[in-house]
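Reading the structure
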Amino acid sequence: MPDATNTMLDVSGLSARYGHVEALHDINIHVGGRELVGVLGPNGAGKSTLLRSIMGLVSSTGRVTLAGEVLARREPGAVARRGAVLVPEGRGIFAPMTVAENLQLGAYQIGGRGAEFEARLERVLVMFPRLEERLSQAAGSMSGGEQQMLAVGRALMSAPKLLILD
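Keep in mind it's a predicted model, so treat the numbers as computed, not measured.

Next up on the list: the layout of surface pockets. In this structure, the largest pocket encloses a volume near 750 Å³. Looking at the lining of the largest pocket, the elements that each hand over two or more residues are strand E1 (7-18), strand E2 (21-32), helix H1 (47-54), helix H4 (115-127) and strand E6 (162-165). Looking at side-chain class alone, the lining of the largest pocket contains 20 nonpolar, 2 polar and 7 charged residues. Around the second largest pocket, the lining comprises 28 residues; the ones closest to its centre are Ala80, Ala84, Val85, Leu86 and Tyr108. Of all elements in the fold, only helix H2 (76-81), strand E5 (84-87), helix H3 (99-106) and helix H6 (144-156) reach the threshold of two or more residues within the lining of the second largest pocket. For the lining of the second largest pocket, the class distribution of residues is 18 nonpolar, 6 polar and 4 charged.

Attention shifts here to the sheet that holds strand E4 (residues 69-70). Remark on secondary structure: sheet strands pair via backbone hydrogen bonds, oriented parallel or antiparallel. With respect to topology, 4 strands assemble into an open sheet ordered E2-E1-E3-E4, the strand pairing being antiparallel. Sheet topology places E2 and E4 at the edges, where each strand pairs with a single neighbour. Both strand E3 (residues 60-66) and E4 contribute to a ladder of 2 bridges, which runs antiparallel. Bridging from a neighbouring strand, Leu66 pairs with Glu69 of E4. Across the sheet, H1 touches E1, E2 and E3, and the angle it forms with E1 is around 115°.

Once that is clear, we can look at the pattern of salt bridges. Taken as a whole, this structure holds 5 salt bridges when the rule is applied. Residues Glu146 and Arg130 are paired through a salt bridge, measuring 2.7 Å at the closest nitrogen-oxygen approach. Within this pair, whereas Glu146 is found in helix H6, its partner Arg130 is found in helix H5 (residues 129-133), the two being separated by 16 residues in sequence. Using a relative accessible area of 34% as the deciding quantity, one classes Arg130 as partly exposed. A salt bridge links Arg134 to Glu146, with the shortest nitrogen-to-oxygen separation between them at 3.0 Å. Here Arg134, found in the loop between H5 and H6, pairs with Glu146, found in helix H6; they are 12 residues apart in sequence, far enough to count as distant. Exposure remark for Glu146: the relative accessible area of 8% places this residue in the buried category.

Cut-offs applied
Residues numbered from 1 in each chain as written. Predicted model: local features only at pLDDT ≥ 70, side-chain atom pairs only at ≥ 80, totals over all residues. Heavy atoms only, no water. 1 Å grid on protein atoms, 1.4 Å probe; cavity = no way out; pocket = protein on both sides within 12 Å on 5 of 7 lines; lining within 4 Å. Points joined across faces, edges and corners; volume = space filled by probe spheres on them. Helix = DSSP H or I, 4+ residues; strand = E, 2+ residues; numbered from the N terminus. Nonpolar A, V, L, I, M, F, W, Y, C, P; charged D, E, K, R; others polar. Pairing = 2+ DSSP bridges. Contact = heavy atoms within 4.5 Å. Axes fitted to C-alpha atoms, helices over the stretch in contact; angles between N-to-C directions. Salt bridge = Lys/Arg side-chain N within 4 Å of Asp/Glu carboxyl O. Buried < 20%, exposed > 50% of the residue type's maximum accessible area, 1.4 Å probe, protein only.

Here's what the structure looks like:
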């Protein structure tokens, strides 16, 4: 039985459908605090659907608890405000915007300035020094790897409790 005091994410009985096609059936996952978990499987196995269901982006049934709080209807904005952030499979950066603007969007909940914003930005730029070199560059003009760094960096700007990478 998982220790509820050290639970970051608890998923039980999660099922999801696309029309008449069942994509997930009765999925159960437990992620403890400071734990890394990977979900492996072939294309079409439901990995992205699982992550999108947790975030409330796909209609699903079952129970999802984040840091001890049940996410009843799993509206995507509410899930994000509670500390879960998804980096989507296709990166999802805003290509015409600069790297700096993309990073600023990641911290929209605290605003784009101030000491907390600057501290978060500094941490991301230390992790991904290439982004600092590219701050004024249009995000869409960077290489695929640099865009992936930006997508992860933007997610980290929100100081998530749970970082979900697809």
